[in-house]
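Notes for the structure review
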Amino acid sequence: MNYSHNNNPRFFYTYENGNWQFEGHELKVLDLTFIIQSMLTEDRLKTINLKEIAWRGKHHFPYGVGNNCKCCGGKAFRECDPTIPGIIAYNCSNPYDNKYRMLDGRHRIMRLLFEGKTKSKFYVFDFNDIKHFMRDDKNWNKPTKIIVEVNK
Ligand SMILES: [Zn+2]
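Predicted, not measured: the structure shown is a model, and the values here were computed from it. Numbering of residues begins from 1 in every chain and follows the order in which that chain's sequence is written. pLDDT decides what is reported in this predicted model: residues at 70 or higher carry local features, side-chain atom pairs at 80 or more are listed and counted, and totals for whole chains, interfaces and linings draw on all residues regardless.

Once that is clear, we can look at the overall build of the chain. Labels follow the DSSP assignment, with helices taken as runs of H or I lasting at least four residues and strands as runs of E lasting at least two, numbered in each case from the N terminus. Tallying secondary structure elements over the chain gives four helices and 12 strands in all. With the radius of gyration taken over C-alpha atoms, the globule rule is written as 2.2 Å times the number of residues to the power 0.38. Against the globule reference of 15 Å for 152 residues, the chain gives a C-alpha radius of gyration of 14 Å, in line with a compact fold. The principal-axis extent of the C-alpha atoms belonging to the chain is close to 40 × 35 × 30 Å. What counts as a contact is two residues whose backbone-derived C-beta atoms lie within 7 Å of each other. Of the contacts made within the chain by residues no fewer than 6 positions apart, 73% connect residues no fewer than 24 positions apart.

Okay, the sheet that holds strand S2 (residues 10–11) next. DSSP-based pairing: two strands are paired if at least 2 bridges between them are found. An order of S2-S5-S11 is seen for the three strands of this open sheet, with the pairing classed as antiparallel. At either end of the open sheet lies a strand with only one pairing partner, and these are S2 and strand S11 (134–135). Examined bridge by bridge, strand S5 (residues 28–30) and S11 share two bridges and lie antiparallel to one another. Residue Leu30 lies in a different strand from S11, and its bridge partner there is Met134.

With that settled, consider unusual backbone geometry. Phe61 connects to Pro62 through a cis peptide bond whose omega is 5°. Mapped onto the fold, Pro62 is located in the loop between strand S7 (53–54) and helix H2 (75–79). Although it is not a glycine, Asn91 sits at a positive phi angle of roughly 60°. Within the secondary structure, Asn91 sits in the loop between strand S8 (86–90) and strand S9 (100–104). Under the C-beta neighbour-count criterion, Asn91 is labelled partly exposed, with 13 such atoms within 10 Å. For Asp97, which is not glycine, the phi dihedral falls at a positive 60°. Think of it as a crowd count around each C-beta: if 20 or more other C-beta atoms lie within 10 Å the residue is buried, if 12 or fewer it is exposed, and in between it is partly exposed, with C-beta placed from the backbone throughout. Looking at Asp97, the number of C-beta atoms within 10 Å reads 7, which means it is exposed.

Turning next to the nonpolar core. Counting residues in hydrophobic clusters, the biggest one holds 25 residues, and the most contacted among them are Ile53, Ile87, Ile88, Ala89, Met102, Leu103 and Ile109. Only S5, S7, S8, S9, helix H3 (106–114) and strand S10 (119–126) provide two or more residues apiece to this core. Sequence-distant contacts of Ile88, defined by excluding residues within four places in its chain, comprise Ile48, Ile53, Tyr100, Arg101, Met102, Leu103, Phe122 and Val124. For our purposes the nonpolar core covers buried Ala, Val, Leu, Ile, Met, Phe, Trp, Tyr and Cys residues that link as a set through C-beta atoms within 7 Å.

Take the sheet that holds strand S6 (residues 45–49) next. Strand order in the open sheet formed by five strands is S6-S10-S8-S9-S7, with mixed pairing between adjacent strands. Whereas interior strands pair on both sides, the edge strands pair on one side only; in this sheet they are S6 and S7. Bridging between S8 and S10 involves five bridges; their strand directions are parallel. Along S10, the bridge assignment pairs Tyr90 with Asp126.

Take a look at the structure:
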């Protein structure tokens, strides 16, 4: 399976989307490079209720998401493959107080929700095990593109 990845998850506050900050820092970015290349193992795959996952813009659904997505105008939404499991973490605060925070797969979960799905498979992490990958990255608007093969 090829895992395609566009952006590292960002932790910051906006009026529209609420407080996604990490421990009160204005901005942090989680570097997913190592996680995607080396940590997407079969044993982390779990079937999760979509309701339990926090993702930016969730409370607007179905407005301002999908083909009207604020971040991509719908391009990433249309091009994503919802059969590839997203990456989520518990022990990671979020404005919905949901059990899990989306780290990668926001467009995929939109697709699943528009398809009427209620659960799907995700790679599940304890955020405490990966928070050392948090970076002070001021270039957070710059997307990175990583495609790696996992579960070879
Ligand atoms: Zn988008």
